[in-house]
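So the chains spell out like this:
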Amino acid sequence: MYDPHNEEVLENICMHLCGCTLDEVAPKQAYRVLATALREGIDRFNQEFREKVAKEGRKQAYYLSMEFLVGTSLYNNLFNCGLLEDAREILKKHNLDLDDVVECEHDAGLGNGGLGRLASCYMDAATTLDYPVTGFSILYEFGIFRQRIIDGWQVEFPDNWLSDGEVWLRKREEDAVEVRFGGEVHEWFDNGIFKVVNSGYDSVLAVPYDLYITGYDTNTVNRLVLWSASKPQSFDMAAFAKGDYESAMYESNKAQIISKVLYPSDDHVAGKKLRLQQQYFFVSASLQSILTEHLRQYKTLDNLPDKVAIHINDTHPALCVPELMRLLMDECGLGWDEAWDLTCRTLSYTNHTVMAEALEHWPCDLFESLLPRLYSIVKEINRRLMEKITVFYPNDPGKWEYMQVISGGEVRMANLCLACCHMTNGVSRPHTDILMKDVFHDYYAMDNSKFTSVTNGIAYRRWLGQANPLLTDYLKELIGDGFMKDANELEKLMKYADDKTVLDRLEEIKLSNKTRLARYIANHNGLIVDPSSMFDVQVKRLHEYKRQLLNALNILKMYNEIKDDPNKDFVPRTFVFAAKASAGYTLAKEIIKLIVCISNFVNSDPEVRDKLKVVFLEDYKVSLAEVIIPAANISEQISNAGKEASGTSNMKLMLNGAVTLGTLDGANVEILEQVGEDNIFLFGMTTEEVDELRKKGYDPRKYLTPELDRALDMLTYGVLGERFDGIMHSLFNETGWADQYMTVADFTSYSEAQKKVSEVFTDRDRFNRMSLVNIANSGFFSSDRSIREYCDRIWGMK
């Protein structure tokens, strides 16, 4: 394990960075000193690990993702390196508190939601298990955005995380690569040899920055390589001298904007162009880097698939397919057939959604103008694909159209991956079944050996060991510390399922975590909540299919029940929401506004507020999740069946003893298998029932009840201080898309399930036992298990 940095080293770094001693620094300065010392030590271990991997000739995996939601690094690295107590003691000698120092760090703004957090979990697990895996993404200057709630509405502000996050980064300017956009492509044959030249292009420099990923109790350190865009020597001195300052900076600004913000709004042409630029920028830079490193060591491309596995995480990096072909043919001189064979055997793809609108597609004119050579390659991929498809599915033009890479004036990125990658996986068993039986069925029928399922997993050491130290310490007392290396050892907890002393202690720990969250709510929202009330939590990206609206409408129903009979027994509840909506997603923002209005309305009613509280916590991120998740009693996983591919918040909440209230969707199905029907609250239609209802023709008005009608009236009668006509239109329009995610159809079942939750919660022993069973059976959802499956079944790594 890492040697703790001694005080002399810290003092030297402190003097160098701050010009003073440790006795004189503020917590913010102490953070930079401690982070710098850690990074230098971690850097050495990374160098040693990479040299070892190269010497042994081990196969390496490269994980390309637009998002890596790594959270904060200081506490995580100290925890993994076994240095928490050393750091705490050293700082204490200098009148500094480690908790205050840790609080100074901002979350790294490199992701939005589950996709990015999953990628980070996999990097953590791969490193802990000593697999050589490198992540690739973009060094977003401002990340996704910092969310503020102003007058109930989400407002986006720049998230300048690099102001203190740069301390973790190691710049490698010497390894920068050129990425080209636009221009003209000239293709010809010279003595039977295909030639191509790209001229008149715009050139951008991609500069790599390394963010090191430590593993738990291991000397292995992997890298997350983040690319920053720049334009060297682009300052126009002549224009500046003439006073045309904007023109002087134009070329530089045009390049740098590529790595400014994650997911720029794409509801206009400029936004679409920037997104496509971002995707090609990091794909091209990453592949150039991978091939350079491979050729430096092996001097041949013949063994590329034997030594390199390149993974496409969702469709954002799908340009790996034509770009790897371009590099192998145009830069390395391979013919089409040889390049295609290597590309197919090297690339693999994870699909994260069954929703058609999330399967990316780009207008051909935009694609061709920005990436002319790649468009030429994609056309040839499509031509050859159609030769195979028309043979396999003769006289079936419907299938031909559905399976094409280019169709309807668009390039379809999922089909591009399916046409090439040697393996495609879903992220839960139900999700993979839908891919094989429905969304990608025609591809599956052509070659079912190219499909598999890897259920998502979480970095459980972070979400238990770091986020919930009270529970972790108690588990170590009961079952030993083996679970910190093998999550399956949590099953040993089951022998205490009927031990009242243990159940009571688990409840005490939960209460302590709820008290911590209550303090956070008081400090940030100015609202006092009762830690002894049931904490009902829904924390995830705001999207219609995740159905935060269903939860909100049921809260209004509960409110009305209390108002109708204030003396009726009611189990006190605190509903906790946290979510960000995409900047251009108007309806999602309106749902946030509704939740905030309900919160203000309910919490200000003296007849209700002691029984019902509603909280919306702004700026949801990893560090906030680490406070919320250990405090949850109920985990809301209420998506429309068949829409959630997997989910990971359900796993984190389960691990911390929250009981799931959910539909049979995504990984909820596998949670049910782990804990049994007695330890989960299920409601709603199944995927098959949803599909059948949709086929018959779904009319939400037929499912209205007096209770729901009354709650809906509150959205338009102004009692909440605002009208929510957009939400009402989404539920009851005449376009054929009314209530697309069947909120109304599932409302009664959801409401009944919530009544059962209240009944069970009053039986403390029963509910605490359910909580214990969830903790004990959460080991399956470790990202260690997931990464082993990727290595064994997809990447071919020992």
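Scope of this entry: the structure provided in the associated data block. Just so you know, these numbers come straight off a predicted model, no measurement behind them. (Residues numbered from 1 in each chain as written. Predicted model: local features only at pLDDT ≥ 70, side-chain atom pairs only at ≥ 80, totals over all residues. Heavy atoms only, no water.)

## Remarks on the overall build of the protein
Secondary structure summary: the protein contains 33 helices and 23 strands in total. Expected size for 798 residues packed as a compact globule is a radius of gyration near 28 Å; at 27 Å, the protein falls within 12% of this value. Considering only C-alpha atoms, the protein reaches an extent of 90 × 75 × 65 Å along its principal axes. Within the span of the protein, comprising 798 residues, buried residues form 60% of the whole. A separation of at least 24 residues holds for 76% of the contacts in the protein among residues at least 6 apart in sequence. Where the 88 positive side-chain charges of the protein centre and where its 120 negative ones centre are 1 Å apart. (Helix = DSSP H or I, 4+ residues; strand = E, 2+ residues; numbered from the N terminus. Rg over C-alpha atoms; globule rule 2.2 N^0.38 Å. Buried < 20%, exposed > 50% of the residue type's maximum accessible area, 1.4 Å probe, protein only. Contact = heavy atoms within 4.5 Å. Lys, Arg positive; Asp, Glu negative; His and termini not counted. Charge placed at Lys NZ, Arg CZ, Asp CG, Glu CD.)

## Topic: the pairing of strand E18 (residues 534-539)
Counting buried positions over the six residues of E18 gives six, a clear majority of the element. Across the two faces of E18 the burial is the same, with Met534, Asp536 and Gln538 and Phe535, Val537 and Val539 all buried. In terms of strand pairing, E18 meets strand E19 (residues 573-578) through six bridges, oriented parallel. The residue of E19 that forms the bridge with valine 539 is alanine 578. Each parallel crossover has a hand, and the one from E18 via helix H23 (residues 548-564) to E19 is right-handed. Sheet topology places E18 next to strand E21 (residues 634-637); two bridges connect them, and they run parallel. Note that in E21 the partner of aspartate 536 across the bridge is isoleucine 634. (Pairing = 2+ DSSP bridges. Right-handed = clockwise from strand over helix to strand, strands pointing away.)

## Some words on the packing of aromatic side chains
Both the distance between ring centres and the angle between the ring planes are used here to describe each pair of aromatic rings. Following the criterion strictly, the structure yields 19 aromatic pairs and no others. Both rings, one in tryptophan 336 and one in tryptophan 340, keep their centres 6.3 Å apart while their planes meet at 15°; by these two values the pair is stacked. You can see tryptophan 336 and its partner tryptophan 340 sitting in helix H13 (residues 336-346), four residues apart, about one turn around the helix. Look at tyrosine 698 and tyrosine 703: their rings are 5.7 Å apart centre to centre, the planes differ by 55°, and that puts the pair in the tilted class. (Phe/Tyr/Trp six-rings, centres within 6.5 Å; stacked < 30°, edge-to-face > 60°.)

## Let's talk about the sheet that holds strand E23 (residues 681-682)
Pairing is parallel in the open sheet, where six strands are placed in the order E20-E19-E18-E21-E22-E23. A strand with exactly one partner marks an edge of an open sheet, and here the two such strands are strand E20 (612-616) and E23. Sheet topology places E21 next to strand E22 (residues 659-662); four bridges connect them, and they run parallel. Of the residues in E22, the one forming a bridge with glutamine 637 is glycine 662.

## Quick word on the pattern of salt bridges
For side chains of opposite charge, pairing can occur when their charged atoms come near one another. Applying the stated criterion across every chain, the model contains 52 salt bridges. A salt bridge links aspartate 784 to arginine 461; the shortest N-O distance between them is 2.8 Å. Here aspartate 784 is found in helix H33 (residues 783-795), whereas its partner arginine 461 is found in helix H20 (residues 460-466), with 323 residues between them in sequence. We note that aspartate 784, like arginine 461, is buried. For aspartate 725, the salt bridge goes to arginine 723, with nearest N and O atoms at 2.9 Å. A single salt-bridge network, built from bridges that share partners, covers Asp43, Arg170, Arg172, Asp175, Asp210 and Arg223. (Salt bridge = Lys/Arg side-chain N within 4 Å of Asp/Glu carboxyl O.)

## Some thoughts on the environment of proline 531
One can find proline 531 in the loop between helix H22 (500-525) and E18. On a C-alpha basis, the gap between proline 531 and leucine 511 in space is 6.4 Å, while along the polypeptide they are 20 residues apart. Not counting the four nearest positions on each side in its chain, proline 531 is found in contact with Leu511, Lys514, Thr515 and Ala518.

## A short note on helix H17 (residues 413-420)
Counting buried positions along H17 gives eight out of eight residues, so the element sits mostly inside the fold. Residues of H17 that are buried: Met413, Ala414, Asn415, Leu416, Cys417, Leu418, Ala419 and Cys420.

## Examining the pairing of strand E9 (residues 202-214)
In terms of burial, E9 is largely enclosed, as 10 of its 13 residues are buried. Where strand E5 (residues 169-171) lies against E9, three bridges are found, and the strand directions are antiparallel. Bridge pairing in E9 links leucine 169 to leucine 211. Note that strand E6 (residues 177-181) and E9 share five bridges and pair antiparallel. If you follow valine 179 over to E9, its bridge partner there is valine 204. In this structure, E9 lies alongside strand E10 (residues 221-230), joined through 10 bridges in antiparallel fashion. What sits directly across from alanine 206, in E10, is alanine 229. The loop that links E9 with its antiparallel partner E10 comprises six residues; one of these, aspartate 217, has a positive phi angle of about 55°.

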